[in-house]
Structures are given as C-alpha cells and as structure tokens.
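# Topology and contacts: notes
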Amino acid sequence: MLKIIALLALLILLLVSCGETSNNGTEINCYNGNGYCEEPPDTDHRPDIPRYNEYRVSLDIDPSARTVQGISHITFSNRSGVELETIVLRVHLNAFREGAYPAPVFGELEWRAFPNGREYGYMDIQYAFLDNALLDFELDGTILTLNLPEPLAPYSTVQLLLQYNAQIPPISHRTGANDHAMWFGMFLPILAIFDNESGWNTDAHYPAGSPFFSETADYRVEITAPSRYTVVGTGLRTEEVIADTDIKITHFVAQQARNFAFALSPYFQHAFTSTESGVAIHLYYYTESLDANKILNSARRSMEYFENRVGIYPSGHVTIIETELMQDSASFSQMVFVDSWYLNQRRRWALGHALGNQWFANVVGTNRVAEPWLTEGLTRFVQAELFYTTPEAFRNRMENDHASIEERTTLFLNRGLGASPNWSHYAHAHGRKAMLMMYALHHRMGEEIFWEFIANYYQQFSFEIATANDFIALAEEAYGNSLQEFFDEWLNAGTVPPLP
C-alpha cells in the first residue's frame, strides 16, 4: 500500500512544477538557498542544457523493518565535451554490504561503529532506464555502471530512472539507526564526477575521513513513512497526511545542494534560533535531558563567526540532528548529524567543525578522497580562531598541535584517504598538519591579505569544485608572489615544518 501511494505521489510530483508551500503556509515559487529566484551569473554555462543535474526521488520507508523502496528520476547533462559510453553513479550504502572491500570502518573503531555487533546494510538496484528504455547495468560494490546503448553526445541531456530497495543497518555511522531514530547521509544513488583526463571517478569508499566527491545538483524528494514519524532533511519541507491512513508524505525542495540527507523519528523534539543575518538554526533531538538552548547558542556563534570570516551562508537554514555516529559529527548540505554523546556533553568543537564544513565541504566542493586537507585544514583553522580568541591562546593551540605531530614522518598531504592506515593518521595529517599549514600561510601572507584570499576563494568556488591547484593559484595571486616552495614543503614532504 505504501509503495502504491508513493508511486502515485511521484506521478503528481512529475506533473507539477515548483509550486510548494513552506511550513508557515507561504507560497514558494522557486528556491536557491536564499529564497530568491535568480541564479548567479555563469559565463561558462551553455544555455541549451540545464545548469545543474536534477534528482526527483520517491522513497517509501518502513522503519520497523528498516527497509526503503526508492525510485530516482535523474536529469543528467553531459557537460564533458566528449562522448560518454557509460554513466556511473555511486551507491555508498553498499560500503556496508557483507564482504565489502575496503571495510568501511577501521578495525580499532568497529566497537564504536557496531555497538550491537557487526551488522550489514545494502542497496540493490532492480531496474535502470534511459529515456524509458531498459538499460543493462553493473553494480560492483559502491560503483553502479549504466551501459548506454549508444554513446551520449556532448552537451546533450537524458532522463535516467533507477528503482531500488535498501536495508538500513542499526549502526553508528553516516547512515544508520537506533531505537530512537533512523538517519540517512549519502544514502541516495548519486552521479559520479567525470574528468576528461581520468574518466569517471571510481575511488574506493575508504574508511578514513569523508570519502565523497560530488557536484552541486537540484533535489525534489518525497518520503513516505508512518504519520507518527517526523521527517527532516535538506531543503524546504512540506508535509501531507493521507486521509484515513497512518501515512504521511514529506516533500523536500533543495536547489544548489551538493547532497541530500535526512532523518526520521517518532521522538524528535524541535527547537530553533536564528543568526544575525537571519539564518534559521533548527535542532531535532530525542534525549529528554538535552540542553537545547545552550546547543543552539553554540551553533549560532559558530555560524556567525564563519559568516563574518569567510562569507555569507547561502541557505536560509541549517538543521542539526541528534544521531549515533562512530565519530563526533558528519556534515551534509544544510544538514548536520552530531553524535548523541557529543551533543549531550555540549562538545562545541564537534558541532562547530560540522557547521564549518557547510562552507568548505558543501558550498565549496572539493575532492575529499584525493585532497581531504583542502576541506579539513581550512575548517579547523577558522574553527580554532573562533575558540581561541586571544593571540596567545591561539598560538598556544597551534604550538600544542605542532608538538603532538612534529616527530611524525609519514604525514603527506599530497596523498589521499587511501594512504591512511588508521583514523589517527588521517586526523594527524589532513586535520592537524593541514590546519598548521593554514596557520603558517596566514602568517606568511599577513592577516588582511589572507582573509581577503579566503573570502575570494569561497566566493569564486561556491557551488563549484575547487582543487589544490586552484587554491594555490588564488593564494599566489593575492600574495603577489610565488608560494610554490611553501606549499611544496607542506604538501609533498611527510615531515611537519616548524611554525613561523
């Protein structure tokens, strides 16, 4: 019954355009993060193809069985300039399928990720279509390859349809569940990124860091679940209770999002505040004793600091969800998952880091598999300046972190996640060393020039993808001189240079 209703709702969704109503009943005609209809100028965009790929998704969730039935309609445009013989998507949930390689969790952290013993989840693809024609496909771990009947011409647009089902494991990870809630981070099948030099990105789902690389896209998602469940997710939300049933359909519209995340629970409580610039900060939690006001005050402080230092947050809201995670937090577009223990202990660093990643992981995109330092280093540096407010305290923090890793000789920033044998190595290299590099760069460039450079970097690559070379080129432009020797010393050597 749930699936029939979901399919009917999807048909309605496909027939209507952007006419939505917000939670306060206001009509919304379109949404780009600020509530405005105009798109930012893009001189490189071809007017004959959509600016972004689009996902229109219908999910039918049975929380008692932890199962999902889904249909994704994907509007894909070939922007590569070359013919494509295949289209590749990432199915990240299959990193948790039994026998997956590499394992999604380092051995020393299994106790944290699998609190009830090792359990598995998966996503199976049932059908794939291209413009209503059935496609052959191959699903190899997290890589879904669609074999096209004929090459797809450059700058052409096609309609893909995937039908799939999934089993959600009761684990403490980006997608998981416990007795209170279910949460879904990087759950949807998502298009891989195509590079003209190396083809489709098919990097492994490594157990270190955040092994994701995705483009900005537009999302329209509807989620069918029992009516007693509150469903929250990326984008603007509306709810529709089906008369004479115990079923509710929750609709989301999100434009210019790098991913779509959501969570649901029959126990969610809600609190919110807003920043000086008007960004609404929502908190959904299930622990009765949690001090919502103090958490929201901490979140507001972090959001306002990043806005003042880096640039305006382009969405009208951000949502914090209480979950259980192997690590302290996980960040997605307009959505932050925070582990229950860290949230209840009001560990401001964990929350601040996840919120900071809105700027340097979700608005500005990077290859977080090959160049994770580009996200982590910037986020940690800005975050450290927020928490250590005097020059002396800030310097002491940098010196303490330097002392903790200065004897290490294998902290290469030019090597991706696959080079980390454990989580500690990842944190030391792409977290601490990368933060110290930003501190040294800040010292080299000077206060004013450095922050002008960071603001320019954020503005120029918002909703796009930045590379290490992009970052270095902009830094040199702002500095007015070569920084190659500086970056070579920090990026290409395993040792940690002395602080300036």
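Residues numbered from 1 in each chain as written. Predicted model: local features only at pLDDT ≥ 70, side-chain atom pairs only at ≥ 80, totals over all residues. Heavy atoms only, no water.

The subject of this paragraph is the pattern of salt bridges. If you walk through the whole model with that rule in mind, you get 12 salt bridges. The partner of Glu 376 in a salt bridge is Arg 368, and the shortest N-O contact between them spans 3.4 Å. Per residue, the accessibility class of Glu 376 equals that of Arg 368, and both read buried. Across the salt bridge formed by Asp 401 and Arg 397, the nearest N and O atoms sit 2.8 Å from each other. Placement of both Asp 401 and Arg 397 in helix α7 (residues 391-405) is noted, with a separation of four residues, approximately one turn of the helix. Pair check on accessibility: Asp 401 and Arg 397 agree, each one buried. A cluster of three or more residues bridged by salt bridges with shared partners is formed by Arg 237, Glu 239 and Lys 248. (Salt bridge = Lys/Arg side-chain N within 4 Å of Asp/Glu carboxyl O. Buried < 20%, exposed > 50% of the residue type's maximum accessible area, 1.4 Å probe, protein only. Helix = DSSP H or I, 4+ residues; strand = E, 2+ residues; numbered from the N terminus.)

Turning next to the pairing of strand β24 (residues 329-332). Neither face of β24 is open: one carries Ser 329 and Ser 331, the other Ala 330 and Phe 332, and all of them are buried. In this antiparallel pair of consecutive strands, β24 and strand β25 (residues 335-339), the connection spans two residues, and Gln 334 shows a positive phi of 60 degrees. (Pairing = 2+ DSSP bridges.)

Let us look at the sheet that holds strand β9 (residues 143-152). Each strand in a sheet pairs with another by means of backbone hydrogen bonds, the pair being arranged parallel or else antiparallel. Pairing is antiparallel across the open sheet formed by four strands, whose spatial order is β8-β9-β5-β13. The sheet terminates laterally at β8 (136-140) and β13 (190-191), the two strands that pair on one side only. Bridge analysis of β8 against β9 gives five bridges, and the strand direction is antiparallel. Counterpart to Asp 136 in the pairing with β9 is Asn 147.

So, on to the confidence of the model for the protein. For the protein, the mean per-residue pLDDT works out to 91, and 91% of the residues sit at or above 70. Counting interchain partners and residues more than four positions distant, the pLDDT-below-50 stretch residues 1-43 has 77 contacts. (pLDDT = per-residue confidence, 0-100. Contact = heavy atoms within 4.5 Å.)

Now for unusual backbone geometry. In this structure, Pro 102 follows Tyr 101 across a cis peptide bond, with omega equal to -5 degrees. With respect to the secondary-structure elements, Pro 102 resides in the loop between β5 (84-90) and α2 (110-113). In this structure, Arg 66 is a non-glycine residue whose phi angle is positive, near 55 degrees. Along the chain, Arg 66 turns up in the loop between β3 (53-62) and β4 (67-77). Judged by relative accessible area, Arg 66 falls into the partly exposed class, the value being 24%. The backbone of Phe 463 shows a phi angle near 70 degrees, a positive value even though the residue is not glycine. Within the fold, Phe 463 resides in the loop between α9 (447-461) and α10 (468-479).

Another aspect to go through is the packing of aromatic side chains. Applying the stated criterion across every chain, the model contains 30 aromatic pairs. Consider the rings of Trp 341 and Tyr 342, whose centres lie 5.1 Å apart with planes at 85 degrees: the pair is edge-to-face. Residue Trp 341 is classed as partly exposed on the basis of its relative accessible area of 44%. Positioned above the aromatic ring of Trp 349, the side-chain terminus of Arg 397 is 4.7 Å from the ring centre. Cation over ring: Arg 415 sits above Phe 412, and NZ or CZ is 3.7 Å from the ring centre. (Phe/Tyr/Trp six-rings, centres within 6.5 Å; stacked < 30°, edge-to-face > 60°. Lys NZ or Arg CZ within 6 Å of the ring centre and 35° of its normal.)

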